[in-house]
Amino acid sequence: MVLETGDSNLEKAPTITKEVPTYYSTRHSYQAKLCWFRLAAVKLGKWLLLALCIYRFALPGRFVTPPLHAKYSKASLDDPASEFADDDFPLRAHEPWDISVDFPHPRTLSYEVTEGTWLRLDVHPVSGDIVFDMAGDVYCLPGHAYLGAAGRAGGRTEAVPVLTGVPHDADPRFSPAGDKLAFRSDAGLGADNLWVMPWAADGCTAMDVRAHVSSSHELELKIQDEEQLAQGMKETSERKLRRLTREGRINAQRITNETYNWVSDPRWHPSGDKVVATKWYYSSRSLGAGEGWEFPVPAVHSQSQVEAGAGKRLVSKRLPMGWTKADYVEQQIGHEQFIWARDDALIYSGNVRDIDGSYTYSKDVHRGIYAIFQRNLTTGVEKTLVDAFPGGASRPILSRDGRTLAFVRRVRDKEALVLKDLNTGTLHHIWHGLTYDLSTIYAPMGTYPSFAFTPSSSSPGIIIWAAGQIWHVPLAHNAEGELVAATRATNNADLTPKVIPFTAQISKKLAETRRMKTDVRKLESGSQRVRAFTQLALDESGERAVFAGAGQTWVQVLGDSLINPTTLNPVDDANFLGTSKPAQRIPHLHPSAGYYSPSFVPASSFILHARWDDTHFSFLELADLESEQVWEVVGLPKGRWFGAVVSGPAANGVRTAVLVKTGGDALTGNVVATAQTGVWAGEITLPSHSCSKGTVELTNLRYIQSSIDPSDVVKLSFVDGSNEVFVQQSDSVLRVSLRDGAEKVVARGKGTDELVFSPSGSVPSVSSRLVRHNQATGGAAFVSLFHVYYASPSSVDSEKAMWAKPGKAPKHLARLSGDGGHDVVFSGDGSVIGWFLGPYLHTLQLSRLPSCTSAIEADTSNFGIDCVRGLLDVTAVDVAYTPDVQQLFSEARMSIADGTQRSTAVDNNAHVVIIHNATVLSMENGVLTQDLRSGASVVIRSGVVEAVGGPGVGYVVPGFIDSHAHWDGTNDKYPATSWEMQTFLAYGVTTLHNPSLHNSLGYVERGRIESGHMVGPRLFHTGTVIYGASEYSIHQDIASMREAREALIRIKAEGGDASWSYKNYNLPTRAARQRLLTAARDVGMLCVPEGGMNYDWDLTYIMDGMTTIEHNIPVSILYDDILTLYTMSGTGSTPTHIVDYGGMFGEQYLWATEDIPNDPKYVSTSALNYVLNISFQAPHAHTTRHPRRDLREHKPAVQFWLIFFGPAMALWNVSASVANMVHRGLRAHIGAHGEPPLGLMYHQEMFYAKAGGLSNYEVIRAATADAAITFGLFDSLGSISGGKLADLVIFPPGFDLLQDDIRHTRNIRYVMRGGRIWDAEIMEEVWPVKRKQVLPPFNAE
């Protein structure tokens, strides 16, 4: 096939060019500009008048912080935390680990800087010396830098290192007497704790750590010690002493002992014997909420040990209206930035806009988000010192005499340093030169860097960081005795704020950045193994299994496995060699259809399974395994049906069938067949082998009223006949009567993913009056914290939720899975438990379990798994498919028109495509002049680029890689065709990387794409995030290397070589993160961590060698200390401006400025109602996805906001910082976060990437080659080169990709994925087969 893309052949290749709004155009005549400005001026006047009216009349009281009693329940008047035990997490105590010596940092990066990022500082109360943290180290700048001759002359002063090394140190604070320094550090285990060390009277000079390596001998020892650490040699006590001395922490004492929560921002009590600090708590969401805690400071050189969690809570979080104390842990909003007002009073700040307990993004900083409060600790009385409106108020600092409160706030498009005289109540705006605060986001690093008053009362001032520098802001007293800007009091221009010039030598220890390569071509060559299976069911005795995989259903004979369960490595496919019989496809009527939800029919050779049709939805088929006959079940109304099971034999031959109807979902929409969801029952009679009718009728189908959640996990099993069923969901099992719908809970789980109940034994019926206690007589199995567990009958109590927390688990609980498991089921007779991990089906005969009773009782941490593992039977499920790329050849030959003269040459070249007369931007070399071919032809054979050469005009580029994509359809129960996958592809995204997707279901979806069952990009993902917060179902501690390996194995087992990344999602201890990186080197995986708005943790991700940082560093403007560190480290950046931290999202900007709902292409490819629903809803809380705001409803107000404050949106600054680093050598990537409109938003993200200073070429490189290089895919993807897979985007003629508006990249003519070609405008396949994929009826019109 030949595609002509040049202008000279327009008649042969008609183009469909999608209209782009005219305001994208960058070329305007002078008259057009003049007209535009006149019109803008008129509109501006109207909007100003409207804004004034809204402010004056429409928003009464809106901008005033409500009184506390109006926002919070009466329960908050006593201590809301009084019932909060805080004993669930961590699940287990961490095994010993030292972040400095147990993880190698063989590289040293040294560089000099004259500016820094987010420098938190303090001033010595006597000498005026300045201490500040920079890039995770602490420095000291002598007071004469601004007080003495050097300060007056403007000379640059050297800041000397005080604390260095691998630990991340921050928040330095002098004691009232100046003899001690408190600071935050993750030294040791890697949890953020508070430390105190003595401070020398001679100040900076005496504290300079470089004095400890001043001689050649000391330098030699340092080099030798570091080499031994890099080689993995265990550190001796002598070497440790030398290291701690060189780092400056030899006399440091830890005064807190947190291993899950973390502490920041210490502030000394006037007595000097204790500090107050912010202690951060996770809810189920990984955003810490602060409390005020007091910690005693022991005497210098004291050897006292600090108990875990020690300290005294002074200020609790508040409870929103209607909340009880039991809900306390889920309050996501707290208090922070505590300082002492006097001996028994605290001043602090807090978010007052999120009053319902859930943190929301994109709040209006001009309305104000933070307010400042004061609380008397004796009386408990709290008052507001500074209201949130206007512009907020945070980072409170008290003058040394206690009269003046300093803080920061937004004033229009400026950030102001403000003083409030606490005697008179007068506010003075001192200086508008600050960097924007971070009150718009969750900011554990502080909404603004801490600052301090100078020690002199005669010449007062403030030392503060802004715009990369440390500034001295002189103050003076006015006639009322209030502190004001010195220039206003003295009218002396010499007293304006001035930079304190400094220089500092940074030296950072860096780990090797995690890198590996994956040959995607191997994944698409030859027969490929299906690895991810779901919907498991066992027969009556556990001898056979049925399940679904890659959109088909299978049956597997169990037993006679040669796999040793104690040595099983689930990622080693050598286990398949001669160990089991291949699985067999369940007999079926429609070979190309998707099948799902299989189950055995008891006491028969029949299997019941469901067939999916994208137009007509669910059908049932009854298959006989002996005769391989198949009957279609008729009588099932149109709908989404799932989980059908059939009862045992009945005297009259009529059996009961029970199944679940679900409502609308992400892929099939909410338009068709959405009523009466839940449990349904009917009757069915099994056919005889001689029956030739071909159909079986389902009769008397009726709805059973129940409280189940059809969208949750649903597994059905009959109880003692046909009148009652167990409805087994993720965290409960209900016994439901099919006669009257009566139900009873028989088992409960806490944060469990799956919970099943043994159908064996004598179980009391729902209607029984003999039930006098809650103990059931059947056992239960459940998935908790990614592992499979069994609770014996005596341990199952319907009133007590089961989970696997050591010390809180049911008695006699046994862990069954070694590395993890899912889809847990019982056999029909309850004698066998089965589950999947990747392609390995594990089963356990419960009769064997008593042999491990002693081990189970003795192992209080892992519940006897080392013994139980040896009792398992493991079957390697062998199912294969032919990759879509491999199917091209046969499809291409078949597509040759009848009547064409057939020849060997024609047959051999049927799978060849030539793109002729094109301008190719190959991205092969990373240099524009080498990558641009102004005339070329691309030859593609069997989905692989064979050659590039020849003449042309229209642009051809490699397929785009969405490095950070999300979508929602993966968890849908049905093998429906995905409009999400098709939409990504329609906008040129040929490879997806999702950094948060279900471990197994994500690879089920990938298998359906790769096997050709539906259209979509290449799909890679991290599996379920390795999550640090208190969400019981997905939390992981990673408290040992064993846990780290298990966490990665259970991801990679599902995907094999296609699984090459994992995501650390705000794990609170650095030890856990380092353990995972260590395991990743063995397992072969990359780490793409969640940035999570924690600036300090982001820096440790870089220094520990994580592959990327997902999302932007929350400080939007970076300076040389971080620019150099990030760029030189080798860690890549996926900034996702679409959901930028700080202010309005890029996503919202697009929705506010374009008419998305009426975009013809988007409407034709996407489930528009679903998109609009999730795009226009009010802000909501979610674990891993960001909320959206309804902007289009208030579009005029948004446009008004954009006119005045759009330039202040943080995403523009983020874009500039990223561009700066790209020009220094950083690899950046394009990731659109799965925000709607899917696909289209990817091109908007490209626009934001360019806005900071990248060229069009650099943006395309980020979208293709750089992403492929970072992910280790460049040998197969990312450029148009010989031997690589043919993923291409072909643009229409007339578009100058290198010079035109980058947003025009959305206007694609063709998209090619693995050699298969689609018309991108209508997503009709044009080669090798002309066809269009059928999508479910998700749009009403």
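K.L.:
Hey, could you run me through the state of the cysteines in this one?
P.N.:
Structurally, a disulfide amounts to a covalent bond that connects the sulfur atoms of two cysteines. Under the defined criterion, the tally for this structure stands at two disulfides. The side chain of Cys 140 participates in a disulfide bridge whose partner is Cys 204; the two sulfur atoms lie 1.9 Å from each other. On the sign convention where negative means left-handed, the S-S torsion of about -60° between Cys 140 and Cys 204 marks this disulfide as left-handed. Here the residue Cys 140 occupies a position in strand β5 (residues 137-141), and Cys 204 occupies one in helix α5 (residues 204-207), the gap between them amounting to 64 residues. In terms of burial, Cys 140 and Cys 204 fall into one category: buried. Put simply, Cys 852 and Cys 867 are joined by a disulfide, and their sulfur atoms are 2.0 Å apart. Because the torsion about its S-S bond is -80°, the bridge between Cys 852 and Cys 867 counts as left-handed. Of this pair, Cys 852 sits in the loop between β53 (840-845) and α10 (853-858) while Cys 867 sits in helix α11 (residues 865-868), placing them 15 residues apart in sequence. Under the relative-accessibility criterion, Cys 867 is labelled partly exposed at 27%. Here the cysteine-cysteine linkages of the chain are recorded as 1-2, 3-4, numbering only bonded cysteines and doing so in sequence order.

K.L.:
Got a minute to help me understand the environment of Arg 120 in this structure?
P.N.:
With respect to the helices, strands and loops of the structure, Arg 120 is situated in the loop between β2 (107-113) and β3 (121-123). When the C-alpha atoms of Arg 120 and Ser 450 are compared, they prove to be 4.8 Å apart, with 330 residues separating the residues in sequence. Setting aside its immediate chain neighbours within four residues, Arg 120 contacts Val 131, Phe 132, Asp 133, Ala 170, Asp 171, Pro 172, Arg 184, Met 445, Pro 449, Ser 450, Tyr 1095 and Asp 1096. For Arg 120, the side chain forms a polar contact with the main-chain oxygen of Met 445, separated by 3.4 Å.

K.L.:
When you look at unusual backbone geometry in this model, what are you seeing that I'm missing?
P.N.:
Note on backbone geometry: most residues besides glycine have negative phi, and most peptide bonds are trans. Look at the link from Phe 389 to Pro 390: it is a cis peptide, with omega at 0°. One can find Pro 390 in the loop between β18 (382-386) and β19 (394-398). Between Trp 1327 and the following residue, Pro 1328, the backbone shows a cis peptide bond with an omega angle of 5°. Relative to the assigned elements, Pro 1328 resides in the loop between β72 (1324-1327) and β73 (1331-1332). Positive phi values are uncommon outside glycine, yet Asp 86 reaches one of about 55°. Here Asp 86 shows up in the loop between α2 (68-71) and β2. With a relative accessible area of 28%, Asp 86 lands in the partly exposed category. If you check the backbone angles, Met 1093 has positive phi at about 65° while not being a glycine. Counting through the fold element by element, Met 1093 comes out in the loop between β66 (1086-1087) and α19 (1095-1103).

K.L.:
Sorry if this is basic, but what is going on with the side chain of Thr 1022 here?
P.N.:
In this fold, Thr 1022 is placed in the loop between β62 (1018-1021) and β63 (1026-1027). In this structure the side chain of Thr 1022 is engaged in a polar contact, spanning 3.2 Å, whose partner is the backbone oxygen of Pro 995. Looking at Thr 1022, its side chain comes within polar contact range of the main-chain nitrogen of Ser 996, at 3.4 Å. In contact with Thr 1022, not counting residues within four places along its chain, are His 993, Asn 994, Pro 995, Ser 996, Leu 997, Ile 1051, Ser 1061, Tyr 1062, Lys 1063 and Val 1088.

K.L.:
What am I meant to see in the pattern of salt bridges here?
P.N.:
Any two side chains of opposite charge can pair if their charged atoms end up close together. Per the counting criterion, the structure on display carries 71 salt bridges. When the shortest N-O distance is used, the salt bridge between Arg 544 and Asp 539 registers 3.3 Å. By relative accessible area, Arg 544 is classed as partly exposed at 25%. A relative accessible area of 8% places Asp 539 in the buried class.

K.L.:
Can you walk me through the pairing of strand β43 (residues 724-728) in this structure?
P.N.:
On a regular strand, each side chain points to the face opposite its neighbour's, so the side chains alternate between the two faces of the sheet. Counted residue by residue, β43 has five buried out of five residues, so it is predominantly covered. Along β43, one buried face is formed by Glu 724, Phe 726 and Gln 728 and the opposite face, lined by Val 725 and Val 727, is buried too. As paired elements, strand β42 (residues 715-718) and β43 share four bridges and run antiparallel to each other. By the bridge assignment for β43, Ser 717 is matched with Phe 726. What sits between the antiparallel neighbours β42 and β43 is a turn of five residues, in which Asp 720 has the positive phi angle 45°.

What counts and what doesn't
Residues numbered from 1 in each chain as written. Predicted model: local features only at pLDDT ≥ 70, side-chain atom pairs only at ≥ 80, totals over all residues. Heavy atoms only, no water. Disulfide = S-S within 2.5 Å. Helix = DSSP H or I, 4+ residues; strand = E, 2+ residues; numbered from the N terminus. Buried < 20%, exposed > 50% of the residue type's maximum accessible area, 1.4 Å probe, protein only. Contact = heavy atoms within 4.5 Å. Polar contact = N/O pair within 3.5 Å; in protein donor to acceptor, adjacent residues only side chain to side chain. Salt bridge = Lys/Arg side-chain N within 4 Å of Asp/Glu carboxyl O. Pairing = 2+ DSSP bridges.

The analysis is restricted to geometry; functional conclusions fall outside its scope.
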